[in-house]
Amino acid sequence: MEQVIPGSDVAMSGRQETFSLEAWQQAGKWFSYEGHAMFSRMGGQGVPLVLLHGFPTASWDWSRLWPMLEREHHLLTLDMLGFGFSDKPLHYPYSIEDQADLIQGWIEGLGLKQVHLLGHDYGTTVVQELLAREQEGSLSFGIDSVCLLNGGLFPEVHHPLFIQKVLRSPFGGLIGRGLSRPVFERNFRRLFGPRNPPGRQEMEDFWHLLNYNNGRGVLHRLIQFMEERRCHRNRWVGALQNASQPMRLISGSADPVSGVAMARRYRELIPDPDVVCLRNVGHYPHFEQPWDVFSAYRAFRKARNC
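Residues numbered from 1 in each chain as written. Predicted model: local features only at pLDDT ≥ 70, side-chain atom pairs only at ≥ 80, totals over all residues. Heavy atoms only, no water.

**Regarding unusual backbone geometry**
Logical step 1: Each neighbour pair has its own omega, and for Phe-55 with Pro-56 the value is 5°, a cis peptide bond.
Logical step 2: Tracing the sequence through the fold places Pro-56 in the loop between β4 (48-52) and α2 (66-69).
Logical step 3: Phi is positive for Asp-121, which is not a glycine, with a value near 55°.
Logical step 4: Mapped onto the secondary structure, Asp-121 falls in the loop between β6 (114-119) and α4 (122-136).
Logical step 5: Owing to a relative accessible area of 6%, Asp-121 belongs among the buried residues under this scheme.
Logical step 6: With a phi close to 65°, Asn-280 is a non-glycine residue in the positive phi region.
Logical step 7: If you trace the backbone, Asn-280 turns up in the loop between β9 (275-278) and α13 (285-288). (Helix = DSSP H or I, 4+ residues; strand = E, 2+ residues; numbered from the N terminus. Buried < 20%, exposed > 50% of the residue type's maximum accessible area, 1.4 Å probe, protein only.)

**Quick look at the pairing of strand β2 (residues 29-33)**
Logical step 1: Examined bridge by bridge, β2 and strand β3 (residues 36-43) share five bridges and lie antiparallel to one another. Each residue of the ladder has a partner; that of Tyr-33, found in β3, is His-36. (Pairing = 2+ DSSP bridges.)

**Comments concerning the confidence of the model for the chain**
Logical step 1: For the chain, mean pLDDT is 94; residues scoring 70 or higher make up 95% of the total.
Logical step 2: Throughout residues 9-16 the model reports pLDDT below 50, and contacts reaching past four residues in sequence, or to other chains, amount to 13 contacts. (pLDDT = per-residue confidence, 0-100. Contact = heavy atoms within 4.5 Å.)

**Examining the nonpolar core**
Logical step 1: The biggest cluster of nonpolar side chains holds 96 residues, and the ones touching the most others in it are Leu-69, Leu-118, Val-126, Phe-154, Ile-250 and Tyr-266.
Logical step 2: Non-local contacts of Tyr-266, meaning those with residues more than four positions away in its chain, are made with Leu-148, Leu-153, Phe-154, Met-247, Arg-248, Leu-249, Pro-273, Asp-274 and Val-275. (Core = buried A, V, L, I, M, F, W, Y, C linked by side-chain atoms within 4.5 Å.)

**Considering the packing of aromatic side chains**
Logical step 1: With the rule as written, the count across this model stands at 24 aromatic pairs.
Logical step 2: Both rings, one in Trp-30 and one in Phe-39, keep their centres 5.3 Å apart while their planes meet at 70°; by these two values the pair is edge-to-face.
Logical step 3: Among the residues examined, Trp-30 registers a relative accessible area of 46% and is labelled partly exposed.
Logical step 4: Take Phe-39: its relative accessible area is 0%, and that puts it in the buried class. (Phe/Tyr/Trp six-rings, centres within 6.5 Å; stacked < 30°, edge-to-face > 60°.)

**What to know about the packing of α4 against helix α11 (residues 233-241)**
Logical step 1: The contact between α4 and α11 brings their axes to 8 Å, and the two run at 70°. It follows from the interaxial angle that α4 and α11 lie roughly perpendicular. Residues Thr-125, Gln-128, Glu-129, Leu-131, Ala-132, Arg-133, Gln-135 and Glu-136 of α4 form the contact with α11, whose own contacting residues are Arg-235, Trp-236, Val-237, Gly-238, Ala-239 and Leu-240.
Logical step 2: Considering only residue class, the contact of α4 with α11 consists of six nonpolar, four polar and four charged. (Axes fitted to C-alpha atoms, helices over the stretch in contact; angles between N-to-C directions. Parallel < 35°, antiparallel > 145°, perpendicular 65-115°, else oblique. Nonpolar A, V, L, I, M, F, W, Y, C, P; charged D, E, K, R; others polar.)

**Let's talk about the side chain of Arg-229**
Logical step 1: Here Arg-229 shows up in helix α10 (residues 225-231).
Logical step 2: No salt bridge is formed by the buried Arg-229. Its closest oppositely charged neighbour is Asp-121, at 4.6 Å.
Logical step 3: Those residues in contact with Arg-229, other than ones at most four positions away along the chain, are Asp-121, Tyr-122, Thr-124, Thr-125, Gly-152, Pro-155, His-158 and Trp-236. (Lys, Arg positive; Asp, Glu negative; His and termini not counted. Salt bridge = Lys/Arg side-chain N within 4 Å of Asp/Glu carboxyl O.)

**What to know about the environment of Trp-291**
Logical step 1: Examined against the element boundaries, Trp-291 turns out to sit in helix α14 (residues 290-303).
Logical step 2: Judged by its relative accessible area of 30%, Trp-291 falls in the partly exposed class.
Logical step 3: For the pair formed by Trp-291 and Cys-231, sequence separation is 60 residues and the distance between their alpha carbons is 36 Å.

Here it is as structure tokens:
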């Protein structure tokens, strides 16, 4: 099944209900993981929906979608280790497996028995690892449904930006620490579609999150997840192919990194694929067109009765 939704201007109305970065931080809760301080947000009521953010941003990516989802769901999100307001230890062995350990332990610590998962970019890979663990019987909770936004689900059709490639190089540490705001903005803006690029204040907020707790100093370590995707491709693609729960991919078609080619590959490899394509929307559909993403997500949950 595939749907194509033209980019709409209705999504702009969602911005009136969103959170400032300061308000987002002030409403957060903190917990400890391996001795490190972790930032999280919770809200709403109903069946738990866990939101997992992408690289190199943070849970604040969900701020525009949050007020819409909060009316019908018990929302949980966090800044993964090395991201946003959470700690960013310099010499930590960052990995997708470890981030999945973090999410699994957090959900189990909260005593949740069933959750829905919504992931973007880096978060989609964490979702894939959690699905693999569920299929192996190593989770104490069930995953009721999975929704994926733009991410590198299939490494063979992932097209990283040049700045991402150099961050993975032997000089990545120097590149990350020396990353200037103009270079960051120029590359980050390329990820967005033509209709709703981030404004000046939004770029200021993204830059602040990146720099918080010396975040530029760990970029070269975090970005090794792209190599992990290649090494664990069979496990993580297999987790999607073997999933028994309802799944939907919501894809911004103007994404230069994981857009049209990724959606096409999803349709080729996933049994009975459920894909919604958003035209003129880039790599951050939930930030660019939150109303369209909310509508597609709500329709998915209702159609699958989950």
